[in-house]
Amino acid sequence: MGSYDDDSKLIDGRVLEDRERSLICRTPNRNAIPILVVEDDKVNRKILHQYLSRAGFDVQMAEDGLQALNMYTENNGLYFMVYMDCVMPIMNGFDACREIRTHERKQGLQLTPVVALTGLADPNDYTECIKAGMNEHMTKPVTRA
């Protein structure tokens, strides 16, 4: 899923957009697309890292929203996608996403997709995720299709 062919500018047979090529060229592993996973639970971080790494992504991990915000702003929108837990210590995912969106607006960056990855499954939780600036909502536990 995440393999990149530098010569043909293709990823799994699909022509890459300029943003995707730019992201790949700025990552340590030039053959992988960078994804940020924000999860406070150590076991969940390990499982998500394994799933996404095996799919060929360059997975970077944050343990809370503040760490994620710092990683995101220091790398100035490096990530192709962010998977964000909502309920975490220090800074929750809702606030972290709002801060990421503020940073993107101030810097004139293209919006990075942020997917809520949470145990919150109520329809009101979905609405809260969207209001915080997240693009989608997935509930845990995560299973492989």
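Attention in this report is confined to the structure presented alongside it.

How each quantity is defined
Residues numbered from 1 in each chain as written. Predicted model: local features only at pLDDT ≥ 70, side-chain atom pairs only at ≥ 80, totals over all residues. Heavy atoms only, no water. Pairing = 2+ DSSP bridges. Helix = DSSP H or I, 4+ residues; strand = E, 2+ residues; numbered from the N terminus. Axes fitted to C-alpha atoms, helices over the stretch in contact; angles between N-to-C directions. Contact = heavy atoms within 4.5 Å. Polar contact = N/O pair within 3.5 Å; in protein donor to acceptor, adjacent residues only side chain to side chain. Buried < 20%, exposed > 50% of the residue type's maximum accessible area, 1.4 Å probe, protein only. Arc of directions from axis to C-beta.

**Observations concerning the sheet that holds strand β7 (residues 114-118)**
One open sheet holds the five strands; their spatial order is β5-β4-β6-β7-β8, and the pairing between them is parallel. Each edge of the open sheet is held by one strand with a lone partner, namely β5 (58-62) and β8 (136-139). Averaged over all pairs of adjacent strands, the angle between their axes in this sheet comes to 20 degrees, without regard to strand direction. Taken strand by strand, helix α2 (residues 42-54) contacts β4 (34-38), β5, β6 (81-84) and β7, and its axis lies near 165 degrees from that of β5.

**Things to note about the side chain of D64**
Here D64 is to be found in the loop between β5 and α3 (65-74). Polar contacts involving the side chain of D64 include one to the main-chain amide nitrogen of L66, which spans 2.9 Å.

**So, the side chain of T118**
With respect to the secondary-structure elements, T118 resides in strand β7. In this structure T118 touches D85, C86, H137, M138, T139 and K140, once residues within four positions along its chain are discounted.

**Looking at the environment of P141**
Considering the arrangement of structural elements, one finds P141 in the segment after β8. P141 gets classed as exposed once you look at its relative accessible area, which sits at 69%.

**A word on α3**
Here α3 has its buried residues at G65, A68, L69, M71 and Y72. In an axial view of α3, the angular spread of the buried residues amounts to 165 degrees, which keeps them on one side of the axis. Residues of α3 that are buried make contact with β4, β5, β6 and α4 (93-107). N-cap assignment for α3: the residue whose side-chain oxygen lies 2.9 Å from the backbone N of L66 is D64. N76 occupies a position one or two residues after α3 and carries a positive phi of about 45 degrees.

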